[in-house]
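Read off the chains here:
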Amino acid sequence: MKKKLCLVVMAIMVAIAAHAQFESGKKYANVSLSGLNLSYNGSEKTSFGLSAKGGYLFMDNVMVLGSVGYKKSTDVPAQLSLGAGARYYIEQNGIYLGAGVNYLHVGDLYDDFLPSVHVGYAFFIGRYVTIEPEIYYNQSFKSHKDYSEIGFRLGVGLYL
């Protein structure tokens, strides 16, 4: 009986602590690495990317995001991106779903708009700091075959 009571109390404490992480009014900052041959599209084989995101939880479990990014690939000029999106945290367990749109500028070659979806997990290593592995898909309007991309991103997040 004591073990069951302890489990119930621990479950309630975890639920309360998790709820505090994704409550409205919190601010968010993230730095992510992608690439290192962990992303693939039809026109390039090896790439390295760095991105920064900022966000705000305007209601419990729902965040609006802004992002900037830089990506260098072997065969094309450096790519700069600017994006906006939203993220939804599923039942306070750290798993999130997101969607957004990115504007991509690739030197003098082309510009593109990329609708994006991603799924990830916010693993808290401290009260405010997370490790966030994420799988993403970017759909190219310019050329689906050559410029759409699926990949893995690993980030460090800060919830204030």
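For clarity, every value in this text was computed on a predicted model and none was experimentally measured.

## Some points on the overall build of the protein chain
Argument step 1. For the protein chain, the count of helices and strands is two helices and nine strands.
Argument step 2. Written out in order from the N terminus, the α and β elements of the protein chain read α-β-β-β-β-β-β-β-β-α-β.
Argument step 3. By residue count, 37% of the 160 residues in the protein chain fall in the buried class.
Argument step 4. For the protein chain, contacts bridging at least 24 residues in sequence account for 49% of all contacts bridging at least 6.
Argument step 5. Of the roughly 9200 Å² of accessible surface on the protein chain, a fraction of 71% belongs to carbon and sulfur atoms.

## Observations concerning the nonpolar core
Argument step 1. If you look at the biggest cluster of nonpolar residues, it comprises nine residues: F22, Y28, L57, M63, L65, Y89, Y96, A122 and Y159.
Argument step 2. Apart from residues no more than four positions distant in its own chain, Y89 is found in contact with F22, L57, N61, M63, G94, I95, Y96, A122 and Y159.

## A word on the confidence of the model for the protein chain
Argument step 1. Confidence along the protein chain averages 81 in pLDDT terms, with 80% of residues attaining 70 or more.
Argument step 2. When mean pLDDT is taken per element in the protein chain, strand β4 (residues 79-89) scores highest with 94 and helix α1 (residues 2-21) scores lowest with 50.

## Points about the pattern of salt bridges
Argument step 1. Applying the stated criterion across every chain yields a total of five salt bridges.
Argument step 2. The closest approach of N and O atoms between E134 and K53, which form a salt bridge, is 3.4 Å. Of this pair, E134 sits in strand β8 (residues 129-138) while K53 is found in strand β2 (residues 47-59), placing the two residues 81 residues apart along the sequence. Across the pair, K53 and E134 agree in class, each one buried.
Argument step 3. Two residues, K71 and E149, come together in a salt bridge whose shortest N-O distance is 2.4 Å. In this pair, K71 sits in strand β3 (residues 62-73) while E149 sits in strand β9 (residues 149-159), placing the two residues 78 residues apart along the sequence. With respect to burial, K71 and E149 carry one shared label: buried.

Cut-off values and rules
Residues numbered from 1 in each chain as written. Predicted model: local features only at pLDDT ≥ 70, side-chain atom pairs only at ≥ 80, totals over all residues. Heavy atoms only, no water. Helix = DSSP H or I, 4+ residues; strand = E, 2+ residues; numbered from the N terminus. Buried < 20%, exposed > 50% of the residue type's maximum accessible area, 1.4 Å probe, protein only. Contact = heavy atoms within 4.5 Å. Areas by Shrake-Rupley, 256 points an atom, 1.4 Å probe, with all protein chains shown as cover. Core = buried A, V, L, I, M, F, W, Y, C linked by side-chain atoms within 4.5 Å. pLDDT = per-residue confidence, 0-100. Salt bridge = Lys/Arg side-chain N within 4 Å of Asp/Glu carboxyl O.

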